[in-house]
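# What the coordinates show
This is what each chain is made of:
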Amino acid sequence: MRKLSLATCTFALLSSWSVFASTEVDSDSAPVTFQAVPEIMVKFDDAQKYRKKAVTLGRLPHKVEMGKQFPTYVAGEDGKPALETQNTVTDDVVIARNPMPVVGAVYNEWLVPKETWQSTYGELPMFDTFMPFKRVKSIKAIPITEDILSLLGSLDGETAVIDVDWNDAGMKVYKDGYLTDGGYGIAPEEMQNTYEKIE
């Protein structure tokens, strides 16, 4: 009986791991540190400056969230929410949220180190309920073209995986999206809907 229970538990663990693994960034693509590619970095010399025109909601973590995994969802290709990353909630982060849901009642929420949040938005949230913040910091961004995707080692000519600080598996970026001097990518729709050029 004990052997059967152990086998059942092992199978359940392996099954749940494979479901979780399928939501992660494509394992065939090793994340590329684009900051180490001179042909990409030179493009930032004359890159367009942008500022987020939409507000970002921010709040402090609830006590019950401390030490727990916090999922970040984006819109999947099938129109359903897709898990992008999971990170641990600490006392040193702000929980950020885009005001509009990804799908239904699922929002794009992510963790931002307090120091980064303060330099980006000017002040920290005071409470554990969402409040609107307007970005004060601008970014430089370059379009993700076929050439850029090739330099990033794209396997399909449509996407690539870049190295980011907050996820060992990297971040998927898309053709016609943007790379930023902040070290992350912005999807095409997000750029169009939430950013504006600084003349």
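Residues numbered from 1 in each chain as written. Predicted model: local features only at pLDDT ≥ 70, side-chain atom pairs only at ≥ 80, totals over all residues. Heavy atoms only, no water.

Now for the sheet that holds strand β11 (residues 178-180). Ordered in space as β12-β11-β8-β1-β13, the five strands form an open sheet in which the pairing is antiparallel. The sheet terminates laterally at β12 (185-186) and β13 (195-197), the two strands that pair on one side only. In terms of strand pairing, β11 meets β12 through two bridges, oriented antiparallel. Across the sheet, residue Tyr 178 finds its bridge partner in β12, namely Ile 186. (Pairing = 2+ DSSP bridges. Helix = DSSP H or I, 4+ residues; strand = E, 2+ residues; numbered from the N terminus.)

Turning next to the side chain of Thr 72. Inspection of the secondary structure assignment puts Thr 72 in strand β3 (residues 69-75). Given the relative accessible area of 3%, Thr 72 is considered buried. Among the polar contacts made by the side chain of Thr 72, one reaches the main-chain carbonyl oxygen of Glu 109 at a distance of 2.7 Å. Setting aside its immediate chain neighbours within four residues, Thr 72 contacts Ala 82, Leu 83, Glu 84, Thr 85, Asn 108, Glu 109 and Trp 110. (Buried < 20%, exposed > 50% of the residue type's maximum accessible area, 1.4 Å probe, protein only. Polar contact = N/O pair within 3.5 Å; in protein donor to acceptor, adjacent residues only side chain to side chain. Contact = heavy atoms within 4.5 Å.)

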